[in-house]
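Topology and contacts: notes
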Amino acid sequence: MRHFNNQLPTISNVFDDFFGGDIFSAPIFNGKSSVPSVNVKETEDEYNIEVAAPGLNKDDFKVEVHNNVLNISYEKEAKREDKEDGYTRQEFCYSNFKRSFAIPRNEVDDSKIDASYKDGILKIILHKREEVKPKPARMIEIK
């Protein structure tokens with residue numbers, strides 16, 4: 001099992017780290033910091049990131065890019081108050097997580113990043129720049 005202490009994983013090496021074992025097996029939201037499961041897939045045109053976060057709303061997330069780092073975070077406070085037999089009990093519960101990924105320099109067009117949340121899955125699509133996409137073979141005329 002590999003942990004990233006002060007080191008951000010790059011999108012391109014995430015496959016080895018995420019698919020190599022069950023790194024994130026903790027419950028997702030149990031009133032303390034935890035890390036949801038993340039899937040990363042690379043295609044010729046884009047990187048697809050899926051974050052398993054059931055029970056949340058799209059407005060609960062914050063997704064931002066700064067200095068070639070993609071940050072995905074969530075923070076929410078829940079309050080509960082019970083009044084019984086002259087006693088009042090208040091409970092506060094904070095749930096949060098934050099994941100950061102280094103984006104390969106000049107590979108992703110940060111003006112074309114899409115995010116959506118549906119059925120408990122936050123999906124983020126990072127579109128690759130045209131100049132880094134694979135080019136088809138072309139015939140060269142021999143003179």
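Model, not experiment: these values are computed from the prediction.

1. As for the environment of asparagine 48
Mapped onto the secondary structure, asparagine 48 falls in strand S2 (residues 46–52). Asparagine 48 sits in the buried class, given a relative accessible area of 19%. Taking C-alpha positions, asparagine 48 is 6.5 Å from leucine 126, a pair spaced 78 residues apart along the chain. Leaving out residues up to four positions away in the same chain, asparagine 48 has contacts with Asn39, Val40, Lys41, Thr43, Ile124 and Ile125.

2. Re unusual backbone geometry
Negative phi values dominate among residues other than glycine, just as trans dominates among peptide bonds. Unusually for a residue other than glycine, asparagine 106 sits at a positive phi of about 60°. Considering the arrangement of structural elements, one finds asparagine 106 in the loop between strand S5 (87–102) and strand S6 (108–118). By relative accessible area, asparagine 106 is classed as exposed at 58%. Residues other than glycine seldom take positive phi values, yet aspartate 119 does so here, at roughly 55°. Mapped onto the secondary structure, aspartate 119 falls in the loop between S6 and strand S7 (121–128). Residue aspartate 119 is classed as exposed on the basis of its relative accessible area of 71%.

3. Examining the packing of aromatic side chains
Under the definition given, this model contains four aromatic pairs. With 6.3 Å between their ring centres and 50° between their planes, phenylalanine 61 and tyrosine 74 make a pair best called tilted. Pair noted here: phenylalanine 61 is in strand S3 (residues 61–66) and tyrosine 74 is in strand S4 (residues 69–84), with a separation of 13 residues, a long-range link. Taken together, the ring pairs connect Phe61, Tyr74, Phe97 and Tyr117 into an aromatic cluster. Cation over ring: lysine 128 sits above tyrosine 47, and NZ or CZ is 4.9 Å from the ring centre.

4. Remarks on the pattern of salt bridges
The full count for this structure, using the stated rule, is three salt bridges. With its nearest N and O atoms 3.8 Å apart, the salt bridge here joins aspartate 45 to lysine 133. With aspartate 45 in the loop between strand S1 (38–42) and S2 and lysine 133 in the segment after S7, the pair connects residues that are 88 residues apart, well separated along the chain. The partly exposed category is assigned to aspartate 45, whose relative accessible area is 40%. Here glutamate 130 and lysine 133 are joined by a salt bridge, their closest N and O atoms 2.8 Å apart. Judged by relative accessible area, glutamate 130 falls into the exposed class, the value being 52%.

5. Observations concerning the side chain of asparagine 71
Mapped onto the fold, asparagine 71 is located in strand S4. At a separation of 2.5 Å, a polar atom in the side chain of asparagine 71 contacts the side chain of serine 100. Sequence-distant contacts of asparagine 71, that is, excluding residues within four places in its chain, are made with Lys62, Val63, Glu64, Lys98, Arg99 and Ser100.

6. Regarding the nonpolar core
Among the nonpolar cores identified, the biggest contains 19 residues, and Ile49, Phe61, Leu70, Ile72 and Leu126 are the most heavily contacted of them. Of all the elements in the fold, those that place two or more residues in this core are S1, S2, S4, S5, S6 and S7.

What counts, and at which threshold
Residues numbered from 1 in each chain as written. Predicted model: local features only at pLDDT ≥ 70, side-chain atom pairs only at ≥ 80, totals over all residues. Heavy atoms only, no water. Helix = DSSP H or I, 4+ residues; strand = E, 2+ residues; numbered from the N terminus. Buried < 20%, exposed > 50% of the residue type's maximum accessible area, 1.4 Å probe, protein only. Contact = heavy atoms within 4.5 Å. Phe/Tyr/Trp six-rings, centres within 6.5 Å; stacked < 30°, edge-to-face > 60°. Lys NZ or Arg CZ within 6 Å of the ring centre and 35° of its normal. Salt bridge = Lys/Arg side-chain N within 4 Å of Asp/Glu carboxyl O. Polar contact = N/O pair within 3.5 Å; in protein donor to acceptor, adjacent residues only side chain to side chain. Core = buried A, V, L, I, M, F, W, Y, C linked by side-chain atoms within 4.5 Å.

None of this, on its own, says anything about what the molecule does.
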